[in-house]
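Residues per chain, in single letters:
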Amino acid sequence: MDPSNPRCAYRSPLSSRYASAEMQYNFSEMKKFSLWRTLWFYLAKAEKELGLPITEEQLSEMKAHLTDIDFELAAREEKKRRHDVMAHVHTFAACCPAAAPIIHLGATSCYVGDNTDLIVLRDGLDILLPKLARCIHRMAGFAEEHKSLPTLGFTHLQPAQLTTVGKRACLWISDLLMDVRNLQNCRGNLRFRGVKGTTGTQASFLALFDGDHSKVEELDKKITEMAGFSR
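Definitions and cut-offs
- Residues numbered from 1 in each chain as written.
- Predicted model: local features only at pLDDT ≥ 70, side-chain atom pairs only at ≥ 80, totals over all residues.
- Heavy atoms only, no water.
- Pairing = 2+ DSSP bridges.
- Helix = DSSP H or I, 4+ residues; strand = E, 2+ residues; numbered from the N terminus.
- Contact = heavy atoms within 4.5 Å.
- Buried < 20%, exposed > 50% of the residue type's maximum accessible area, 1.4 Å probe, protein only.
- Arc of directions from axis to C-beta.
- Expected span 1.5 Å × (residues − 1).
- Core = buried A, V, L, I, M, F, W, Y, C linked by side-chain atoms within 4.5 Å.

Enquirer: I'd like a rundown of the pairing of strand E2 (residues 158-164), residues and numbers included.
Expert: Every other side chain in a regular strand lies on the same face of the sheet, so the side chains alternate between the two faces. The pairing of strand E1 (residues 150-155) with E2 spans 5 bridges and is classified as antiparallel. Within E2, the residue paired with threonine 155 across the bridge is glutamine 158. Taking the residues that link successive antiparallel strands as the turn, the E1-E2 hairpin has 2 residues, and the phi of histidine 156 there is positive, at about 55 degrees.

Enquirer: For the side chain of aspartate 123, give the residues involved together with the corresponding values.
Expert: You can see aspartate 123 is positioned in helix H7 (residues 109-145). If we skip the residues at most four places from it in the chain, aspartate 123 touches Asn26 and Lys31.

Enquirer: Can you explain helix H4 (residues 56-63)? Please cite residues and give values.
Expert: Side chains that are three or four residues apart share a direction in an α-helix, a result of its 3.6 residues per turn. Looking only at H4, the buried set comprises Gln58, Leu59, Glu61 and Met62. Across the axial projection of H4, the buried residues extend over an arc of 160 degrees, all falling on one side. Opposite the buried face of H4, by more than 90 degrees, sit the exposed residues Glu57 and Lys63. On its buried face, H4 is in contact with helix H3 (29-49) and helix H6 (84-95).

Enquirer: Can you break down H3 residue by residue, with the values?
Expert: Between the first and last C-alpha of H3 there are 30 Å, a value that for 21 residues agrees with the 30 Å anticipated at 1.5 Å per step. Burial analysis of H3 places 15 of its 21 residues in the buried class, the great majority of the element. Of the residues trailing H3, glycine 51 is marked for its positive phi of about 110 degrees.

Enquirer: Residue-level account of the nonpolar core, with values.
Expert: Counting residues in hydrophobic clusters, the biggest one holds 43 residues, and the most contacted among them are Trp40, Leu43, Met62, Ile103, Tyr111, Leu219 and Ile223. Of all the secondary structure elements, the ones that give two or more residues to this core are H3, H4, H6, H7, helix H9 (203-208) and helix H10 (213-226). Here this core takes 10 residues from H3, the largest share from any one element. If near-sequence neighbours (up to four positions away) are discounted, isoleucine 103 is found in contact with Trp40, Met62, Val89, Phe92, Ala93 and Cys96. Leu129, Ile136, Ala143 and Ala169 belong to the second largest nonpolar core, which has 9 residues in total.

Right, dumping it as structure tokens:
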């Protein structure tokens, strides 16, 4: 076995054969961990706006290092700490020393893990829907072009009565339109997790804001909006 040969390791055909470059990036480690850093930036920015002692210098430092991820350092940190999120907290802190004390402040692992998954799902649907619309548009042209071309219909895999190629294409379009509705419904029903904490108590944020429930609710709302969600 040659570990340097990518063909000696498992590769999913969903990625290597069928996925577009943009969809592969959407589910990549680079996007995942840069989203973690972006979510930490959103958290710190919102906490500052609500009165916590966070400086503009710290925010600027975080913003400048959202994508320059040292994956080798992260691997060493995870081996030492046995925790993926804490490994990346320390990796981020290594290039943001001034911001190190406020990275992940009050949050739990699910803040970055679950919210990143939701953003990736939303962005994946945003990649699929325009492609599906283009497919329907092109198939509609095909159906119009071949609306009078006769062909045999089938039932139980057996030749049946005559139909047209255009009619058959319209049936395929009908299926694709149902797929569009299902994907739009899924996209519209995605709800951001926000800053709920692992069990939903938000106790750590209540402690940071001295028991002020209104500030915790505003924190949740601010970060949800920063991430591009309405709820």
